[in-house]
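Summary of the model geometry
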Amino acid sequence: MADPRVMLVTGGGSGIGRACAERLAREGCSVMVADRDADGGRDTVSAIAAVGGTARFTLLDVADEACVVASVAATTDAFGRIDGAINSAGVPQTAQPVHRLDAEDWLRVIGINLNGMFYCLKHQIAAMLETGGGAIVAISSAAALKGLLNSADYCASKAGILGLVRGAAVDYAEQGIRVNALLPGGSDTPLAHRSSASNPALAGTLRVPMMRMSSPAEIAAAAVWLVSPDSSYVTGASLSVDGGMTIA
Ligand SMILES: NC(=O)c1ccc[n+]([C@@H]2O[C@H](COP(=O)([O-])OP(=O)(O)OC[C@H]3O[C@@H](n4cnc5c(N)ncnc54)[C@H](O)[C@@H]3O)[C@@H](O)[C@H]2O)c1
């Protein structure tokens, strides 16, 4: 039976966000795909429509609070409500050690990955309070729990998300809004390939017991579970989906 829930996916134009949008649509949700890359976002919507799913696209820069407000309004205007969100928009590290990291690059990575996540949670939660609840996933990273070479900006942004998620989970537990963090390890996406090309020394420092990257679909499976009623007693969690990288 079709799932009547309305879902917003940031970063839905590529990689993990696209896999989440496609899986949610396959399960019958109405999906708002939000991304700063209009071509990528529209491609996701076309792929969903081609297999009979329901999706729309809205242009979004998560680093711009007014734009985040507009993405939530676009979702409620199109589908009447918002029941869940998977926030996947993000950028990789600048690939410099700390003493060579320009403040401008630090602020750009924090501005998108952490401040952007704050704007998304703030305005998605406000909309969910109007309709009595919902569930949100913030895509963090294994980098939140490990020191990765030449990646302090990225590690800090992804670790900050864990604190934001725990605080929000406590603030809204009584109002029926669950907020969880998902921590992927290496996943086979354009971001992962850009990141290893710009930071080649990093790969040699990582041990992944399962000896492979994930597919974006494997990350999406966990994210979709976290926004589903099947995870109804899970909030404030940091769920690692990383082939054992964090514990090795
Ligand atoms: N791929 C990995 O190995 C990996 C590992 C851990 C965590 N992650 C995290 O997963 C998330 C998704 O990454 P991915 O690998 O799918 O990357 P990706 O580059 O394939 O997709 C990221 C999407 O986010 C969009 N985006 C970037 N900045 C944005 C902004 N300011 N506003 C709106 N959209 C923006 C991009 O246009 C792109 O469509 C990111 O938060 C990333 O940090 C990825």
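That block above? That's the structure.
Presented here is an overview of the structure given in this document. Keep in mind it's a predicted model, so treat the numbers as computed, not measured.

Comments concerning the pairing of strand S5 (residues 134–139)
Where burial is concerned, most of S5 is hidden: 6 out of the 6 residues are buried. Here S5 shows two buried faces, one formed by Gly-134, Ile-136 and Ala-138 and the other by Ala-135, Val-137 and Ile-139. Strand direction decides the pairing type here: strand S4 (residues 84–87) and S5, joined by 4 bridges, are parallel. Looking at the pairing, Asn-87 lines up with Ala-138 of S5. Relative to strand S6 (residues 177–184), S5 runs parallel, the two sharing 6 bridges. Residue pairing for S6: Ala-135 is matched across the bridge by Arg-178. Regarding the hand of the β-α-β motif, the stretch spanning S5, helix H5 (residues 152–172) and S6 is right-handed.

Observations regarding the pattern of salt bridges
Scanning the model with the defined rule gives 6 salt bridges in all. With its nearest N and O atoms 3.1 Å apart, the salt bridge here joins Glu-27 to Arg-23. Look at Glu-27 and you get partly exposed, because its relative accessible area is 31%. Note that Glu-65 and Lys-122 form a salt bridge whose closest N and O atoms lie 3.3 Å from each other. Taken together, the residues Glu-65 in helix H3 (residues 65–79) and Lys-122 in helix H4 (residues 103–131) connect sequence positions 57 residues apart. Look at Glu-65 and you get partly exposed, because its relative accessible area is 27%.

Structural notes on the sheet that holds S6
Strands sit in the order S3-S2-S1-S4-S5-S6-S7 across an open sheet of 7 strands; the sheet is parallel. Edge positions in the open sheet fall to strand S3 (54–59) and strand S7 (238–241), since each of these has one partner strand only. Strand-to-strand twist of the sheet, defined as the mean angle between neighbouring strand axes without regard to direction, takes the value 20°. With 6 bridges connecting them, strand S2 (residues 30–35) and S3 associate as parallel partners.

What counts as what
- Residues numbered from 1 in each chain as written.
- Predicted model: local features only at pLDDT ≥ 70, side-chain atom pairs only at ≥ 80, totals over all residues.
- Heavy atoms only, no water.
- Buried < 20%, exposed > 50% of the residue type's maximum accessible area, 1.4 Å probe, protein only.
- Helix = DSSP H or I, 4+ residues; strand = E, 2+ residues; numbered from the N terminus.
- Pairing = 2+ DSSP bridges.
- Right-handed = clockwise from strand over helix to strand, strands pointing away.
- Salt bridge = Lys/Arg side-chain N within 4 Å of Asp/Glu carboxyl O.
- Axes fitted to C-alpha atoms, helices over the stretch in contact; angles between N-to-C directions.

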